[in-house]
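Coordinates in review
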Amino acid sequence: MSKREQWVDRLKFWGMLAIYIGHFYEWGGWLYEFVFTYHVPLFFFVSGFFANCSGRYTTGEYIKKKVNTLVIPYLFLGLLNIVFGVLLYNLDFHTFLLMFKSFSGIRSNMDYFGSMWFFPCLFFMEVLYELLYRVFRSRRLLVFVGVLFYAVFCLLKIQAHILLSLDCVLLYFIYFALGSLLYKYIKDFEVFRLSAAGKAVFGVAVICSVVLACLTFFQKGHLVSQVIYLIKFKPLFLIALYGWDIAIALNMIFVSILIAKYWKWGFLGKLGSETLIFCGTEWIIKDGLQSIVEMLGGTCNLENPFQVVAFSMGCLVISHFTITALLKRSFPRLVGEKTICKTGESLP
């Protein structure tokens, strides 16, 4: 992707807002379970847009680029989180060790480094996809590889607690591969270019998608799961069971893409262009903002989904003007804002 696409940045914003909402857990009510059906797959799907299939970089140059944009920010932001945790919570040594353990990239439900596992997982996924593409030269075949990886993860009941989140590469590779395959079609798609019949079919698809999204939100999607458990033929049962989760995620990715392409609010694009920093500083801005509010005599008790959404949006906006702006200005290379391309110039 040689030119920055504003709708892609807006799509990343909606994904990051869902991540922030999801990490408030039960405070978000049904909204918490809803965003967890798709927010992580959405980010890997979008990341697939940037796969090196055009051959713009050699494999070595591409890996070096990803070290600059993912590994170095992971290390820098991870250390920043540790410093913040020690200062804010006056942590004992045992809790400090737990924080440092999370620095190893193991996905966990700890508040500390809640989103940081994404950095090493995405790095290894990018590298794996690059190597496989150099061998097979087929994006469609790599989607099939993603299906196999997903099946291995589910059938072996792998627990997502492995060093550097390597296990999650298996779980989410299919979304990355689909993003790489479908990007050019999504980019070029415009409703007004369709024929009358095409617009009618697209309209029906949108209505069905929104209905499924509503059923998922209101927890009615479990009715399909109950039907799936009635299937006696085990191979078909497994395909239906694990395929349903993918279908739910892809449906919400479709809805998110529609919103991102046709709600053209430029400020959302600005926020979306900073999602990796938002990811690495999520805990800092959330707990730091709550601490400041309490220091001023206020409270931050979130009691319903509306408050969770409002506070999450507020965190992103405040972060944009404060810690994110500071890090981009003071440490651009350490947060992945600038890399060196093969001709030597700096790239944003």
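In the block above lies the structure referred to throughout.
About the cut-offs
- Numbering of residues begins from 1 in every chain and follows the order in which that chain's sequence is written.
- A pLDDT threshold of at least 70 governs which residues receive local features in this predicted model, and a stricter bar of 80 or more applies before side-chain atom pairs are shown or counted, although totals over entire chains, interfaces and linings include all residues.
- Only hydrogens and water are set aside; all other atoms, that is, all heavy atoms of the structure, feed into the side-chain values.
- Only runs of H or I of at least four residues qualify as helices and only runs of E of at least two qualify as strands under DSSP, and these elements are numbered from the N terminus.
- Only protein chains enter the accessibility calculation, which uses a 1.4 Å probe; a residue whose area is less than 20% of its type maximum is buried, one above 50% is exposed, and one in between is partly exposed.
- In this description, contact between two residues means that some pair of their heavy atoms is separated by no more than 4.5 Å.
- What sets the accessible areas is the Shrake-Rupley method with a 1.4 Å probe; for residues, cover comes only from the shown protein chains.
- Any two of the Phe, Tyr and Trp rings considered here, Trp counted by its six-membered ring, make a pair once their centres fall within 6.5 Å; the pair's planes then place it as stacked at under 30 degrees, edge-to-face at over 60, or tilted in between.
- A carboxyl oxygen of Asp or Glu within 4 Å of a side-chain nitrogen of Lys or Arg is what we treat as a salt bridge.
- Here a polar contact is taken to be a pair of N or O atoms separated by no more than 3.5 Å, where protein atoms must pair a possible hydrogen donor with a possible acceptor and residues adjacent in sequence count only if both atoms sit in side chains.
- A patch consists of residues whose relative accessible area exceeds 30% and which take part in no salt bridge; residues with like charges are grouped when within 9 Å of each other, and nonpolar side chains (Val, Leu, Ile, Met, Phe, Trp, Tyr) when within 5 Å.
- Among the buried residues, those of types Ala, Val, Leu, Ile, Met, Phe, Trp, Tyr and Cys that are joined through side-chain atoms within 4.5 Å form a nonpolar core.
- Expected span, for any helix, means 1.5 Å times one less than how many residues it has.
- For every element, the axis is a line fit to its C-alpha atoms; helices are fit only across the contacting stretch, and the angle between N-to-C directions ranges from 0 to 180 degrees.
- When describing relative orientation, an angle under 35 degrees is termed roughly parallel and one over 145 degrees roughly antiparallel, while 65 to 115 degrees is termed roughly perpendicular and anything else oblique.
- The crossing is said to be left-handed when, going from far helix to near helix, the turn is anticlockwise and less than a right angle, and right-handed when the turn is clockwise.
- Three classes are used, and their members are as follows: Ala, Val, Leu, Ile, Met, Phe, Trp, Tyr, Cys and Pro are nonpolar, Asp, Glu, Lys and Arg are charged, and the others, Gly among them, are polar.

Secondary structure summary: the chain contains 16 helices and two strands in total. By residue count, 48% of the 348 residues in the chain fall in the buried class. If you take every contact in the chain between residues at least 6 apart in sequence, the share linking residues at least 24 apart comes to 77%. Accessible surface, the chain as shown: approximately 17700 Å² in total, 69% of it carbon and sulfur.

Here the focus is the packing of aromatic side chains. Tallied over the entire structure, the rule returns 33 aromatic pairs. Each ring, one from W7 and one from F49, has its centre 5.8 Å from the other, and the planes form 55°; the classification is tilted. Of this pair, W7 sits in helix α1 (residues 6-22) while F49 sits in the loop between α3 (39-47) and α4 (59-89), and the two are 42 residues apart along the sequence. The pair formed by W7 and F49 is uniform in burial state, with each residue classed as buried.

Before going further, it helps to spend a moment on the pattern of salt bridges. Per the counting criterion, the structure on display carries six salt bridges. In this structure, the salt-bridge partner of K66 is E126, at a minimum N-O distance of 3.5 Å. Taken together, the positions of K66 in helix α4 and E126 in helix α6 (residues 118-136) put the pair 60 residues apart, joining distant regions of the chain. Of the two residues examined, K66 and E126, each falls in the buried class. The residue E274 makes a salt bridge to K328 at a minimum N-O spacing of 2.9 Å. Of this pair, E274 sits in the loop between α12 (266-272) and α13 (275-280) while K328 sits in helix α16 (residues 323-330), and the two are 54 residues apart along the sequence. Judged by relative accessible area, E274 falls into the buried class, the value being 4%. The exposure class of K328 is partly exposed, given its relative accessible area of 27%.

Turning our attention to the side chain of N52. Looking at where N52 falls in the secondary structure, it is placed in the loop between α3 and α4. Polar contacts involving the side chain of N52 include one to the side chain of E130, which spans 3.4 Å. What N52 contacts, discounting residues up to four positions off in sequence, is Y57, T58, Y62, E130 and R134.

A cluster of nonpolar side chains, namely V135, F136, L141, F144, V147 and L148, defines an oily patch on the protein surface of about 530 Å² accessible area. Breaking the nonpolar patch down by element, the ones donating at least two residues are α6 and α7 (139-155). Looking at the element boundaries, V147 is found in helix α7. Take V147: its relative accessible area is 39%, and that puts it in the partly exposed class.

In this section: the nonpolar core. Among the nonpolar cores identified, the biggest contains 96 residues, and F44, F49, Y129, Y172 and Y175 are the most heavily contacted of them. Ignoring anything within four residues of it in the chain, the contact list for F44 reads W117, F118, C121, L122, M125, Y172, Y175 and F176.

For the rest of this paragraph, the subject is the environment of A177. Mapped onto the elements, A177 comes out in helix α8 (residues 166-188). Taking the C-alpha atoms as reference, A177 lies 6.9 Å from R139; in sequence the two are 38 residues apart. Contact partners of A177, with chain neighbours within four places excluded, come to Y129, L142 and V143.

Every α-helix carries 3.6 residues per turn, so stepping three or four residues along brings you back to the same face. With 14 residues, helix α14 (residues 282-295) should reach 20 Å at 1.5 Å per residue; the first-to-last C-alpha distance of 20 Å fits that figure. All of the buried residues in α14 are E282, W283, I284, I285, K286, D287, G288, L289 and Q290. At the C-terminal side of α14, G297 shows a positive phi close to 95°.

So, about the packing of α6 against α8. Direction vectors running N to C along α6 and α8 enclose 60°, while the axes themselves pass 9 Å from each other. The angle between α6 and α8 falls in the class oblique. Considering only the axes of α6 and α8, their crossing is right-handed. Here C121, L122, F124, M125, E126, L128, Y129 and L132 of α6 come into contact with α8, specifically with L166, C168, V169, Y172, F173, F176, A177 and S180. Partitioning the contact of α6 with α8 into residue classes produces 14 nonpolar, one polar and one charged.

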